[in-house]
Amino acid sequence: MSVAAPTAQKHETSKILSALASTERPEPPGPISTSFTFGWRALLKIKHVPEQLVDVTIFPIMFTLLFTFLFGGALAGSTVEYVQFLLPGILVQGVIMITMYTGTTLRTDIEKGVFDRFRSLPIWRPSALVGMLLGDAARFTISALVTITLGLILGWRPQGGPVGVALGVLLLLVFAFSLGWVWTFLSLVLRTSNAIMGVSMLVITPLTFGSNIFVDPSTMPGWLQAFVEVNPVSHLVTAVRALMGGTDPGNGIVLTLVSSAALVAVFGSLTMWRYRDPR
Amino acid sequence: MTDLAIETHGLVKVFGSTRAVDGVDLAIPRGGVHGFLGPNGAGKTTTIRMLATLSTPDGGTARVLGRDVVREADEVRRRVSLTGQFASVDEDLTGRENLRLIGRLFGYTGPGATRRANELLEAFGLAEAGDRQVKKYSGGMRRRIDIAASIVVTPELLFLDEPTTGLDPRSRNEVWDIIRAMVGSGTTVLLTTQYLDEADQLADRISVIDSGKVIAEGTSSELKASVGSGSLHVRVMDPADRAAAQQILVRELGVEVREGVDPAALDASVDSSTVVTRALGSLDAAGITLAQFALGQPTLDEVFLALTGHTAEPEQSETEEDAA
């Protein structure tokens with residue numbers, strides 16, 4: 001009971017009173033400021049829980065090694081030959097795979113009650129989610145750097161040079177940010193992390209494997225070619241491959257930006273609609 | 001403008017086939033502590049979530065500090081703050097980082113947010129724990145950082161959802177002191193609790209909620225008075241005398257005298273203390289020695305029993321969210 005230290009208790013109460021007496025009401029910050037503040041939170045979480053970087057390093061290393069050596073000899077005659085083709089694609093796949101963790105992270109926030117605290121603040125409502133996705137961009141960048149480094153070790157020589165590689169990564173980050181809204185929506189609709197993971201895998205597997213990441217689609221049956229043609233991941237891979245390879249990306253960049261905008265428009269809106277009253 | 005902190009008319013929230021909140025009318029004035037008392041699943045938290053704009057009402061209207069919670073949600077959010085089972089801080093971050101985060105989101109500059117965070121850590125006795133991750137805090141520290149996070153910018157109205165559930169008596173007292181300090185500085189507090197003594201200790205006025213409805217409202221004394229009268233508790237020295245004592249009390253008091261669980265105890269509701277004095281005299285004259293007697297107001301537990309037909313103790317453990 002507080003009788004144990006009555007003076008200390010009084011002291012504390014008066015400090016609370018003076019803390020409450022603060023009538024300071026700073027100017028409300030804008031959407032960009034609050035989004036970046038939430039991005040800072042995501043970085044702080046990486047600092048305190050560095051284990052969450054395991055997936056962004058292990059996934060790309062595993063995929064790159066596995067597919068380079070599994071398919072390299074059969075598909076392109078040599079692994080060095082194949083890695084020239086595969087690396088931009090596997091870079092895209094690695095990042096897309098780890099975007100789905102956004103959904104489970106958000107679900108944890110909802111379950112722990114942090115999310116409701118944020119929703120109760122007088123700020124631009126999407127900023128908690130935008131900031132989360134911005135923080136994830138840091139994880140995606142790490143994944144991309146790991147893949148690029150490993151690729152260079154395996155003999156990948158991008159003709160687009162550092163600028164081409166950087167532009168390719170940038171385009172990938174834009175797409176990953178947009179795809180993140182699919183997972184935020186799922187995590188507001190589905191009630192458990194397991195369900196979110198399950199549905200995410202169902203979406204991601206056809207998106208990545210049903211694309212031009214691993215092989216040239218010209219050998220595929222017609223119906224699969226048709227899917228690969230409309231798959232936004234294919235356009236992204238085409239554009240990233242061209243930017244990094246120093247060739248003409250054609251309409252790949254425009255198509256990727258259009259599909260990114262569409263993802264944000266559709267799933268961003270759905271997310272914010274659910275965000276008002278998530279249960 | 002209105003002087004009411006909270007005003008609702010026919011507020012309804014439906015989860016599936018459950019009417020979690022079923023037509024709640026409230027008129028809560030500014031200032032002081034208003035208690036929401038009720039068992040688990042009564043609809044307290046769901047009501048607060050709607051008032052704090054976290055959830056949209058399915059029916060009725062609610063105004064908080066004169067602003068509509070649906071149409072003027074931003075205005076409401078600017079003026080209220082909440083703490084409780086559903087509005088927490090980030091366990092992975094340190095206490096200081098959490099407070100700085102909230103400070104930045106309210107528009108403090110970097111150094112300003114740091115200064116405010118330090119001031120609050122100091123005030124809540126968390127200065128030394130400031131750089132530890134919140135998940136390593138004890139229950140009491142955890143509750144204090146939750147409350148500190150709610151007053152980074154002093155709110156006009158603070159929702160406290162079961163602020164002492166699961167705390168040991170010492171931490172509970174600390175939280176009570178904090179709540180009293182906040183009320184002293186002019187903040188209106190809306191407190192939900194399933195503890196009768198907490199409502200009794202802190203709340204100026206209490207709304208008793210059961211099955212999504214407000215079933216009674218008033219000061220603690222008014223609620224007690226509405227049940228009737230005070231109550232007399234008697235323990236006889238020798239349990240063998242209880243039957244005789246009961247007969248005498250029934251004759252003298254003219255009311256029903258209940259046998260307590262304790263084989264020596266008797267309870268009765270009484271209207272005035274004069275009949276009690278006479279009854280005790282008769283017991284003495286009959287040679288029945290009393291171990292103890294007490295004349296008091298009914299407890300809120302008795303009030304709850306009288307109002308709802310069941311006690312306030314949680315009968316089922318499922319939370320309100322599970323009803324969704």
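Residues numbered from 1 in each chain as written. Chains lettered and ligands numbered in written order. Predicted model: local features only at pLDDT ≥ 70, side-chain atom pairs only at ≥ 80, totals over all residues. Heavy atoms only, no water.

Q: Would you take a moment to explain the pattern of salt bridges for this structure?
A: Residues and elements named next belong to chain B. Under the defined criterion, the tally for this structure stands at 36 salt bridges over all chains. Between E162 and K44 there is a salt bridge, and its shortest N-O distance comes to 3.5 Å. Here K44 lies in helix α1 (residues 44–51) and E162 lies in the loop between β7 (157–161) and α6 (169–184), a separation of 118 residues in the sequence. K44 shares its class with E162; the two are buried. Between D197 and R172 there is a salt bridge whose closest N-O contact spans 3.2 Å. Of this pair, D197 sits in helix α7 (residues 196–202) while R172 sits in helix α6, and the two are 25 residues apart along the sequence. (Salt bridge = Lys/Arg side-chain N within 4 Å of Asp/Glu carboxyl O. Helix = DSSP H or I, 4+ residues; strand = E, 2+ residues; numbered from the N terminus. Buried < 20%, exposed > 50% of the residue type's maximum accessible area, 1.4 Å probe, protein only.)

Q: I keep staring at the interface of chain A and chain B and nothing clicks. Help me out?
A: The extent of an interface is frequently quoted as the accessible surface area lost upon association of the parts. Listed as interface residues are 46 residues of chain A and, on the opposing side, 57 residues of chain B. Summing the contributions of chain A and of chain B, the shared interface buries around 4800 Å²; its carbon and sulfur component is 55%. The tally of links from chain A across to chain B stands at six salt bridges. With its nearest N and O atoms 3.3 Å apart, the salt bridge here joins K47 of chain A to E97 of chain B. For the pair chain A and chain B, the interface holds 14 residue pairs in polar contact (both at pLDDT 80 or more). Only α1 (6–20), α2 (31–48) and α6 (114–119) of chain A provide two or more residues apiece to the side of chain A that touches chain B. In terms of residue class, the side of chain A that touches chain B is built from 19 nonpolar, 10 polar and 17 charged. (Contact = heavy atoms within 4.5 Å. Buried area = accessible area lost by both parts, 1.4 Å probe. Polar contact = N/O pair within 3.5 Å; in protein donor to acceptor, adjacent residues only side chain to side chain. Nonpolar A, V, L, I, M, F, W, Y, C, P; charged D, E, K, R; others polar.)

Q: I'm lost on a nonpolar patch on the surface in this one. Help?
A: Residues and elements named next belong to chain A. A cluster of nonpolar side chains, namely V54, I58, M62 and L66, defines an oily patch on the protein surface of about 360 Å² accessible area. Following the sequence through the fold, V54 ends up in helix α3 (residues 54–76). V54 gets classed as partly exposed once you look at its relative accessible area, which sits at 46%. (Patch = residues over 30% accessible without salt bridge, like charges linked within 9 Å, V, L, I, M, F, W, Y side chains within 5 Å. Areas by Shrake-Rupley, 256 points an atom, 1.4 Å probe, with all protein chains shown as cover.)

Q: Would you mind going over the sheet that holds strand β2 (residues 18–29) of chain B with me for this structure?
A: Sheet strands pair via backbone hydrogen bonds, and the direction of the pair is either parallel or antiparallel. All names here are of chain B. Strand order in the open sheet made by the four strands is β2-β1-β4-β5, with antiparallel pairing throughout. Two strands bound the open sheet, and with one partner strand each, they are β2 and β5 (67–68). Relative to β5, strand β4 (residues 59–64) is paired through two bridges, and the arrangement is antiparallel. Bridging from a neighbouring strand, V64 pairs with R67 of β5. Along the sheet, α1 makes contact with β1 (4–15), β2 and β4, crossing β1 at roughly 120 degrees. (Pairing = 2+ DSSP bridges. Axes fitted to C-alpha atoms, helices over the stretch in contact; angles between N-to-C directions.)

Q: Is there a simple way to explain the sheet that holds strand β12 (residues 257–259) of chain B in this structure?
A: All names here are of chain B. If you trace the four strands from one edge of the open sheet to the other, you get β12-β13-β11-β14, paired in antiparallel fashion. Two strands close off the open sheet at either side, each with one partner strand: β12 and β14 (290–296). Each strand axis lies, on average, 20 degrees off the axis of its neighbour in the sheet, ignoring direction. Note that strand β11 (residues 230–236) and strand β13 (residues 265–270) share six bridges and pair antiparallel. Bridge assignment links V234 to a residue of β13, and that residue is L266. Sitting on the sheet, helix α9 (residues 242–253) is in contact with β11, β12 and β13, with an inclination near 5 degrees to β13. Relative to β14, helix α10 (residues 273–285) is tilted by about 170 degrees, and along the sheet it contacts β11, β13 and β14.

Q: Is there a simple way to explain the domain arrangement of chain B in this structure?
A: Domain annotation of chain B identifies domain 1 (4–218) and domain 2 (226–306). The C-alpha-based centres of domain 1 of chain B and domain 2 of chain B are spaced at 41 Å. (Domains from an automatic or database assignment.)

Q: Quick question: what am I supposed to make of the packing of aromatic side chains here?
A: Two descriptors summarise a pair of aromatic rings, namely the distance from one centre to the other and the angle between the planes of the rings. All names here are of chain A. Tallying each qualifying case throughout the model produces 12 aromatic pairs over all chains. Seen from their ring centres, F59 and F63 are 5.4 Å apart, and the 10 degrees between their planes marks the pair as stacked. Taken as a pair, F59 and F63 lie in helix α3 at a separation of four residues, close to a single helical turn. Above the face of the F85 ring, R241 is positioned so that its terminal group lies 3.8 Å from the ring centre. (Phe/Tyr/Trp six-rings, centres within 6.5 Å; stacked < 30°, edge-to-face > 60°. Lys NZ or Arg CZ within 6 Å of the ring centre and 35° of its normal.)

Q: Explain unusual backbone geometry here, please?
A: Excluding glycine, residues mostly carry a negative phi; peptide bonds, for their part, are mostly trans. Residues and elements named next belong to chain B. Its identity is not glycine, yet T53 carries a phi of approximately 65 degrees, on the positive side. Residue placement: T53 occurs in the loop between α1 and β4. Of note, L65 is a non-glycine position whose phi angle comes to about 50 degrees, a positive value. Examined against the element boundaries, L65 turns out to sit in the loop between β4 and β5.

Q: Can you walk me through the pairing of β1 of chain B in this structure?
A: Within a regular beta strand, the side chains point alternately toward one face of the sheet and then the other, so they alternate between its two faces. Residues and elements named next belong to chain B. Here β1 runs beside β2; their pairing, made up of nine bridges, is antiparallel. Considered in β2, the bridge of E7 is made with A27. The hairpin turn running from β1 into β2, its antiparallel successor, is two residues long, and G16 in that turn takes a positive phi close to 60 degrees. Examined bridge by bridge, β1 and β4 share five bridges and lie antiparallel to one another. Pairing of I6 across the sheet is with V64, part of β4.

Q: Looking at this structure, how should I read the confidence of the model for chain A?
A: A low pLDDT score tells you not to read the predicted coordinates there in detail. When pLDDT is averaged along chain A, the result is 89, and 95% of the positions lie at 70 or above. Contacts for the low-pLDDT stretch residues 1–7 of chain A, under 50 throughout, to residues beyond four places or in other chains number six contacts. (pLDDT = per-residue confidence, 0-100.)

Q: Help me out: how do you make sense of the packing of α2 of chain A against helix α3 (residues 95–105) of chain B in this one?
A: A pair of packed helices is captured by two measures, namely the crossing angle of their axes and the spacing between those axes. Where α2 of chain A contacts α3 of chain B, the two axes come as close as 9 Å, and the packing angle between them is 165 degrees. In terms of orientation, α2 of chain A and α3 of chain B fall into the roughly antiparallel class. Judged by the sense of rotation from one axis to the other, the crossing of α2 of chain A with α3 of chain B is right-handed. On α3 of chain B, the residues touching T34, T37, F38, W40, R41, L44, K47 and H48 of chain A of α2 of chain A are E97, R100, L101, R104 and L105 of chain B. Split into classes, the residues belonging to the contact of α2 of chain A with α3 of chain B amount to five nonpolar, three polar and five charged. (Parallel < 35°, antiparallel > 145°, perpendicular 65-115°, else oblique. Left-handed = near helix turned anticlockwise from the far one by under 90°.)

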